Amino acid sequence: QLQLVESGGELVQAGGPLGISCSASGRTLRRYNIGWFRQAPVKEREFVAAISRSGGSTLYADSVKGRFTISRDDTKNTVYLQMNSLKPEDTAVYYCAADASLTGTMTKIYEYDYWGQGTQVTVSS
């Protein structure tokens, strides 16, 4: 069973950077596409970024494109999300998720089989 644990969320000022991590145990992450999603209060969970199992393909939501970077280090069984130029509207609980399928868009919640518990990112104005 794959287990995912997010870490690194904290309170930051608008315009600043923050990196968060998703560490896996139980199985190697090499078998999975990995996505980051976020959920703000009273809002639905939304796609943020994803990286393919090979690392050769990355996708971003329009709202974070050019500011966020997703990467993976399979030797550490960890995926990262580097967030720059943070805005108050980036405030949310950030979740990582793993998708074992060989096909799909990597952007839909229902495509993901395993989820972490989330890490809170708060951006102050």
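Quick note: structure is the one above.
Just so it is clear, the structure is predicted and the values come from calculations on it, not from any experiment.

Criteria and cut-off values
Residues numbered from 1 in each chain as written. Predicted model: local features only at pLDDT ≥ 70, side-chain atom pairs only at ≥ 80, totals over all residues. Heavy atoms only, no water. Helix = DSSP H or I, 4+ residues; strand = E, 2+ residues; numbered from the N terminus. Buried < 20%, exposed > 50% of the residue type's maximum accessible area, 1.4 Å probe, protein only. Contact = heavy atoms within 4.5 Å. Areas by Shrake-Rupley, 256 points an atom, 1.4 Å probe, with all protein chains shown as cover. Lys, Arg positive; Asp, Glu negative; His and termini not counted. Charge placed at Lys NZ, Arg CZ, Asp CG, Glu CD. Polar contact = N/O pair within 3.5 Å; in protein donor to acceptor, adjacent residues only side chain to side chain. Core = buried A, V, L, I, M, F, W, Y, C linked by side-chain atoms within 4.5 Å. Disulfide = S-S within 2.5 Å. Salt bridge = Lys/Arg side-chain N within 4 Å of Asp/Glu carboxyl O.

S.K.: When you look at the overall build of the protein in this model, what are you seeing that I'm missing?
M.R.: The helix and strand inventory of the protein stands at 0 helices and 11 strands. The linear arrangement of helices and strands in the protein, starting from the amino end, is β-β-β-β-β-β-β-β-β-β-β. Judged by the C-alpha coordinates and their principal axes, the protein covers about 40 × 25 × 25 Å. Put simply, the protein has 125 residues, and 44% of those count as buried. For the protein, restricting intrachain contacts to residue pairs at least 6 apart in sequence, the fraction spanning at least 24 positions comes to 60%. As presented, the protein carries roughly 6300 Å² of accessible surface, and 49% of it is formed by carbon and sulfur atoms. Side chains of the protein give 13 positive and 12 negative charges; the mean places of these two sets differ by 4 Å.

S.K.: Sorry, what's going on with the side chain of Arg67 here?
M.R.: As for its placement among the helices and strands, Arg67 is situated in the loop between β6 (58-60) and β7 (68-73). A distance of 2.8 Å separates a polar atom in the side chain of Arg67 from a polar atom in the side chain of Asp90.

S.K.: Help me understand the nonpolar core, please; the structure alone is not making it clear to me.
M.R.: Where a protein is soluble and globular, its nonpolar side chains tend to be buried together. Leu4, Trp36, Leu81, Met83 and Tyr94 are the most contacted members of the largest nonpolar core, which has 36 residues in total. Taken together, the elements giving at least two residues each to this core come down to β3 (18-25), β4 (33-39), β5 (46-51), β7, β8 (78-83), β9 (92-99) and β11 (119-124). Discounting residues that sit within four places of it in the chain, Leu4 has contacts with Cys22, Ser23, Ala24, Leu29, Cys96, Ala97, Ala98, Tyr114, Trp115, Gly116 and Gln117.

S.K.: Whenever I open this one, the side chain of Asn77 confuses me. Can you help?
M.R.: Inspection of the secondary structure assignment puts Asn77 in the loop between β7 and β8. Relative accessible area serves as the criterion here: at 15%, Asn77 is assigned to the buried category. Ignoring anything within four residues of it in the chain, the contact list for Asn77 reads Cys22, Ser23, Ala24, Ser25, Arg27, Thr28 and Leu29.

S.K.: Please clarify how the state of the cysteines should be interpreted in this entry.
M.R.: By the definition in use, this model includes 1 disulfide. Put simply, Cys22 and Cys96 are joined by a disulfide, and their sulfur atoms are 2.1 Å apart. Looking along the S-S bond of the Cys22-Cys96 disulfide, the torsion reads about 65 degrees, which is the right-handed sense. Taken together, the residues Cys22 in strand β3 and Cys96 in strand β9 connect sequence positions 74 residues apart.

S.K.: Looking at this structure, how should I read the pattern of salt bridges?
M.R.: Note on pairing: side chains with opposite charge can pair once their charged atoms come close. Enumeration according to the criterion identifies 5 salt bridges in this entry. For Arg38, the salt bridge goes to Glu46, with nearest N and O atoms at 2.7 Å. The partner of Arg72 in a salt bridge is Asp74, and the shortest N-O contact between them spans 3.1 Å. For the pair formed by Arg72 and Asp74, the shared burial category is buried. The network of salt bridges with shared partners includes Arg38, Glu46, Arg67 and Asp90.

S.K.: Honestly, the environment of Arg38 in this entry has me stumped. Any pointers?
M.R.: Along the chain, Arg38 falls in strand β4. For the pair Arg38 and Tyr95, spaced 57 residues apart in sequence, the C-alpha to C-alpha distance is 5.9 Å. Beyond its immediate sequence surroundings of up to four residues, Arg38 is in contact with Glu44, Arg45, Glu46, Val48, Ser63, Val64, Phe68, Glu89, Asp90, Ala92, Val93 and Tyr94. Within the local environment of Arg38, its side chain forms a polar contact with the side chain of Glu46, the two groups lying 2.7 Å apart. A distance of 2.9 Å separates the side chain of Arg38 from the side chain of Tyr94, its partner in a polar contact.

Purely spatial values, then, with no claim about function.
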